[in-house]
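A structural walkthrough
Here is how the chains run, residue by residue.
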Amino acid sequence: MDTRLSEIEKRFATARPKGASLAFYTMDWAPDLAAAQVRGKKERRPVFFILVTNVSAATSFYQGHC
Amino acid sequence: MLELLKPFIVTSWNGRRLSEMPAGVKKVFEKGRLGGDNVNIAFFVLSSEGEVLRAGIPFVQPGYFRMDSAAMGADMVRQLKDFFKDLDIPSAPKAPREPVLPDITTSGFRVFLTFGSNKINHYRTPVIETIVFTPELAALFARPKATKMLDAAALKPLLSVLYPPAVMDGMGGFRKLTGSFTLEPLPGEAAAVLTGAPTLILDDRNATTYTGPLELALRYPPGKPLTARGTFTALFPRFRPDGEIAETVSLTAAFETRPA
C-alpha cells in the first residue's frame, strides 16, 4: 500500500485553516454590490460596502486580499 | 470589529483605479460625495432599499500606529462606531454564524493561503482563491494510465494563485513560473499523486522569487468526481525600500477540489 496519499492528505489537513482563523468569513458576505443590494431589499437589511482601489492588483477583499 | 458588522450584508468592490468602477458601484460612489479621483479605501452604508446613508474614508495608516495590530484594530472599531452613529441599524442575529467561504458552483479547486508571522503583521486572514476546471485542466487531472511529466505552463491556473497579498509594487502577476511535475498513478488504487517544485517569480521591482514542494493526492472514486487534496509550501522574501531583504515569510497553500 502506497502511503503517499494519506501522508499528503494529512499535510493538507494540517495546512487547511480552521476555527477562529476563518472569523473574517463569518461576516455575511455577498459576492458583489448588486447581489448585496438584491439581498438587502429581500431581507430588509442594510448593506456595508467596502470600496478598495489598488493599482498593483485588483484583487478581492472578500477573498482575504487587501 | 466583526461584531459591529454583523447586522449588515457585507460586500466589496476592488479595482486598480476608480475609472474601472462598474455602473452600479459608480452610482453609489457618486452618491457618497467623497470626491477625489484617488480613493484607496472607502466605506458606505446602504439602506435595504439601496439608498446611500453614509460614506466615508477610514484612517488606515499602519505607520502611524507603529504596525501595532491591536492599536489599529481598536482604532478601526472606534472609527466604525462613529461611522454608524445615529443610523437606524437593526440588531444583529444572535446565533453565531458559521464561516461561509469563497466557493465555486462548478467543479474546480479551492486554495487556502496562509502566511507565517511577519514584522508588519500582514496576512492575518487566510486568502481563499478558487480555480474553475477548464476542459484543459480537467483533462490534465484525468486518471492517468501511466506516469506523465507536466511543466509549469500546464499547471499555471494553480500556480497563479500562489501569490502573497500586500506586494505593493507589483502588478499582481508573475514574471515567470517554472518547474516540472510528475503525475504518477498508484498501482492497485484508483488514485495518483502529483509532485513537483515550482519556482515563482513575481512581477514586482525585486523579482521576489520563491520555490518549494507542491504535492497533490488525487482520488478517482468509481462513478464520482475526482477529489484532490494537497499543499504547497515555500519561504518568500520581503524587501525593504532599499532592496535589502527585511525578512522571509512562510507561505502555505492547501488545495482541495470542489464541490467536496
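Because the structure is a prediction, the values reported are computed rather than measured. (Residues numbered from 1 in each chain as written. Chains lettered and ligands numbered in written order. Predicted model: local features only at pLDDT ≥ 70, side-chain atom pairs only at ≥ 80, totals over all residues.)

A word on the overall build of chain B
Along chain B, the regular secondary structure elements total five helices and 14 strands. Reported as C-alpha extents along the three principal axes, the dimensions of chain B are approximately 65 × 50 × 35 Å. Here chain B holds 260 residues, and the buried ones make up 26% of them. Considering only contacts within chain B whose residues lie at least 6 apart along the sequence, 53% involve residues at least 24 apart. (Helix = DSSP H or I, 4+ residues; strand = E, 2+ residues; numbered from the N terminus. Buried ≥ 20, exposed ≤ 12 C-beta atoms within 10 Å, placed from the backbone. Contact = placed C-beta atoms within 7 Å.)

Some points on the overall build of chain A
Helices and strands together make up the secondary structure of chain A, namely two helices and one strand. Counting helices and strands in the order they occur from the N terminus, chain A gives α-α-β. Since a compact globule built from 66 residues should have a radius of gyration of about 11 Å, the 18 Å found for chain A marks it as more spread out than a globular shape. The principal-axis extent of the C-alpha atoms belonging to chain A is close to 55 × 35 × 20 Å. (Rg over C-alpha atoms; globule rule 2.2 N^0.38 Å.)

A look at the sheet that holds strand β10 (residues 199-202) of chain B
Residues and elements named next belong to chain B. Taking strand neighbours across the sheet as the criterion, the three strands line up as β7-β10-β11 in an open arrangement whose pairing is antiparallel. The outermost strands of the open sheet, each flanked by one partner alone, are β7 (174-178) and β11 (209-211). Taken pair by pair, the neighbouring strands of this sheet meet at an average axis angle of 10°, ignoring direction. (Pairing = 2+ DSSP bridges. Axes fitted to C-alpha atoms, helices over the stretch in contact; angles between N-to-C directions.)

Looking at the pairing of strand β3 (residues 52-56) of chain B
Residue and element names in this part refer to chain B. Relative to β3, strand β2 (residues 41-46) is paired through four bridges, and the arrangement is antiparallel. Within the sheet, the bridge partner assigned to F44 lies in β3 and is A55. In this structure, the hairpin formed by β2 and β3 is closed by a connection of five residues, where G50 is found at a positive phi of approximately 90°.

Considering the environment of B:E215
Here B:E215 lies in strand β12 (residues 214-219). Residues B:E215 and B:T231, spaced 16 residues apart in sequence, show a C-alpha to C-alpha distance of 5.6 Å. Contact partners of B:E215, with chain neighbours within four places excluded, come to A:I8, B:V193, B:L194, B:T195, B:G230 and B:T231.

A word on helix α3 (residues 69-84) of chain B
For α3(B), spanning 16 residues, the distance from its first C-alpha to its last is 22 Å, which sits close to the expected 22 Å at 1.5 Å a residue. Taken from the residues just after α3(B), B:D86 is the one with a positive phi, measuring 70°. (Expected span 1.5 Å × (residues − 1).)

Notes on the confidence of the model for chain B
Confidence in the prediction of chain B, expressed as mean pLDDT, is 91, and 98% of residues score 70 or more. As a predicted assembly, this complex carries a pTM of 0.90 together with an ipTM value of 0.89. (pLDDT = per-residue confidence, 0-100.)

Considering the interface of chain B and chain A
In this complex, chain B contributes 66 residues to the contact, which on the side of chain A involves 51 residues. When residues of the side of chain B that touches chain A are assigned to their parent elements, the largest contribution, seven residues, is made by strand β1 (residues 9-15) of chain B. Looking at the side of chain B that touches chain A, its residues break down into 39 nonpolar, 16 polar and eleven charged. (Nonpolar A, V, L, I, M, F, W, Y, C, P; charged D, E, K, R; others polar.)

Regarding the nonpolar core
Grouped together as the largest cluster of nonpolar side chains are 37 residues, with contacts concentrated most on B:L216, B:L218, B:L251 and B:A253. When residues in this core are grouped by element, the largest group, five residues, is from strand β14 (residues 245-258) of chain B. Those residues in contact with B:A253 that lie beyond four places of it in its chain are B:V111, B:F112, B:L113, B:L162, B:T231 and B:F232. Within the second largest apolar cluster, 21 residues are counted, among which are A:Y62, B:V28, B:A42 and B:A55. (Core = buried A, V, L, I, M, F, W, Y, C linked by C-beta atoms within 7 Å.)

Quick notes on helix α2 (residues 23-32) of chain B
Residue and element names in this part refer to chain B. Within α2, the full set of buried residues consists of V25, V28, F29 and G32. What you see down the axis of α2 is that its buried residues fit within an arc of 100°, all on one side. Looking one or two residues beyond α2, the residue adopting positive phi is R33, at roughly 50°. (Arc of directions from axis to C-beta.)

A look at the sheet that holds β3(B)
Strand order in the open sheet formed by four strands is β1(B)-β1(A)-β2(B)-β3(B), with mixed pairing between adjacent strands. On the outer flanks of this sheet lie β1 and β3 of chain B, each paired with one strand and no other. Averaged over all pairs of adjacent strands, the angle between strand axes in this sheet comes to 15°, irrespective of strand direction. Looking at chain direction, strand β1 (residues 47-53) of chain A and β2(B) are connected through six bridges and run antiparallel. By the bridge assignment, A:V47 is partnered in β2(B) with B:L46. Packing against the sheet, helix α2 (residues 33-43) of chain A makes contact with β1 of chain A together with β1 and β2 of chain B, and its axis sits at approximately 160° to β1(B).

Quick look at unusual backbone geometry
A cis geometry characterises the amide bond from B:R258 onward to B:P259, with omega recorded as -10°. Here B:P259 shows up in the segment after β14. One non-glycine residue, A:R44, adopts positive backbone phi at about 55°. Here A:R44 shows up in the loop between α2 and β1. On the basis of neighbour counts, which here come to 11 C-beta atoms within 10 Å, the residue A:R44 falls in the exposed class. The residue B:R33 is not glycine, and still its phi comes out positive at about 50°. Mapped onto the secondary structure, B:R33 falls in the loop between α2 and β2. Overall, B:R33 belongs to the exposed group, with 8 C-beta atoms counted inside 10 Å.

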